[in-house]
Amino acid sequence: MLKSKDLLGLRHTAPEEIHEILNTAELMKVVITSNNKKTPHLQGRSVMTVFYENSTRTRLSFELACKYMSGTASNMSAPASSVTKGETLVDTARTLDVMGTDVMILRHPMSGAPHLMARNVKAAVINAGDGTNEHPTQALLDMYTMRERLGGLKGLRVAIVGDVAHSRVARSNVYGLTKMGASVVLAGPPTLMPPRIGELGVEVTDRVDDAVRGADVVMGLRIQVERQKKGLFPSVREYRKYFGLTEERVALARRGALVMHPGPINRGVEISTAVADSPESTIDEQVTNGVAVRMALLFMLTRQKPEIGGI
Ligand code: CP
C-alpha cells in the first residue's frame, strides 16, 4: 500500500513503497509480455491523462496501462481544452473530478502543479512531470530496468550525464536511487548543473569521463532546449565533444554497463546513434517497463480507494 492517495514525487516516497511498486510491476510485466493483455484490476475505474505539455511515452503508456487493466482511459490535452479560454488548473481539476475520475495523471510546465491539483480533488493524482521538479514514474521505470538487468539497486554506481538543471528525470532518479542504496554521480556543463545539487547526497563533476569510469549505469539526459531561456552551451558540436555519450566515452564504464536514456533522444547531440542503438542500450526496454510500472501504480492507487457501496 502507498501511504498517500497520490504519487507526486519520490522525494517523500519511502524505500519500502518503491520496493512494493517495483515488485507489483514485475507481475504486470508478465501481463504485457503475454498474448492476453487484459486484467480486471481497473474495471469500473476512470483514468484521465491531463497534459499541458507534449508527450509520447508517458501519456500513451498510462493510457495503455489503464486499458490493459479494463479501465476507462480519457485524455485532456490543454491546447484542445477550455484552458485556452482561461480556465485555471484548479477549476479544470475540479471539473474532471466531479465527472467521476478516479485517477488524474498530470503533466504541467509549473513545478508543484500536481501538488496543487492533489489538494483540490478527491481523485488520486500522479505526477507525469512538473516543470524541472520531478518525473517519478520515469525514475521508477528506470529503477525497474536497472533492477531487472543487474539484479538489484544497492551498491550500483549510476552516472547521470547532461542537462541536469532542467531535468525532472534526474531529480527523481537522485531521490529514488539514493534511497535504494545506489550511489549517483551527476556530470554535465557547470551552466547546466543546479547550484547545491550535491546536498542531495550525490557526487557532482563537469568531467563526464570521470563520472562514467567504472559506472554500472550510464544515463544520458535530453538537452531541454524548450526550457532554456538563453544559450547555456556554446554549440552542439562542442556539447557532443565534451559531454555527449560517444562509444569511446561509454567504453570507460564497467564491462556490461547499461546505457539508459528517458527519451526522446537528440541523436548525435547528447548520445551518438551507435551508443543509442548498441546492445548495452536499454532505451526500448525502458519504454516497455514504463507500461508495467504505470499499471502497478494505477492498480495500487485505486486499490486503496473503497469500491462504490463499500464493497
Ligand atoms: N520520457 C518521457 O517522459 O517521454 P515523453 O515526453 O514522450 O512522455
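About the criteria used
Residues numbered from 1 in each chain as written. Predicted model: local features only at pLDDT ≥ 70, side-chain atom pairs only at ≥ 80, totals over all residues. Heavy atoms only, no water. Near = heavy atom within 4 Å. Polar contact = N/O pair within 3.5 Å; in protein donor to acceptor, adjacent residues only side chain to side chain. Areas by Shrake-Rupley, 256 points an atom, 1.4 Å probe, with all protein chains shown as cover. Nonpolar A, V, L, I, M, F, W, Y, C, P; charged D, E, K, R; others polar. Helix = DSSP H or I, 4+ residues; strand = E, 2+ residues; numbered from the N terminus. Buried < 20%, exposed > 50% of the residue type's maximum accessible area, 1.4 Å probe, protein only. Pairing = 2+ DSSP bridges. Axes fitted to C-alpha atoms, helices over the stretch in contact; angles between N-to-C directions. Phe/Tyr/Trp six-rings, centres within 6.5 Å; stacked < 30°, edge-to-face > 60°.

### Some remarks on the site of the ligand
Piece 1. As a matter of local geometry, the ligand sits amid Ser-55, Thr-56, Arg-57, Thr-58, Arg-107, His-135, Gln-138, Pro-262 and Gly-263.
Piece 2. In the environment of the ligand, an oxygen atom lies 2.6 Å from a nitrogen or oxygen atom belonging to the side chain of Thr-58.
Piece 3. Relative to its free-state accessible area of 260 Å², the ligand is covered by the protein chains to the extent of 91%.
Piece 4. Of the residues belonging to the shell around the ligand, the class tally is one nonpolar, six polar and two charged.

### Side note on the side chain of Arg-168
Piece 1. Inspection of the secondary structure assignment puts Arg-168 in helix α6 (residues 168-179).
Piece 2. Residue Arg-168 is classed as buried on the basis of its relative accessible area, which comes to 6%.

### Remarks on the sheet that holds strand β9 (residues 258-260)
Piece 1. Taken in spatial order, the five strands make up an open sheet running β7-β6-β5-β8-β9, and their pairing is parallel. Taken across any chain shown, the strands that pair with only one partner, and hence form the sheet edges, are β7 (203-205) and β9. Adjacent strand axes in the sheet meet at a mean angle of 20° when their direction is disregarded.
Piece 2. The sheet contact formed by strand β6 (residues 183-187) and β7 spans three bridges and is parallel.

### Some thoughts on the packing of aromatic side chains
Piece 1. Under the defined criterion, the tally for this structure stands at two aromatic pairs.
Piece 2. Seen from their ring centres, Tyr-239 and Phe-243 are 5.5 Å apart, and the 40° between their planes marks the pair as tilted. Here Tyr-239 and its partner Phe-243 are both found in helix α8 (residues 236-243), four residues apart, which amounts to about one turn of the helix. There is no split in this pair, since Tyr-239 and Phe-243 are both buried.
Piece 3. Through a chain of ring-to-ring contacts, the aromatic side chains of Tyr-239, Tyr-242 and Phe-243 assemble into a single cluster.

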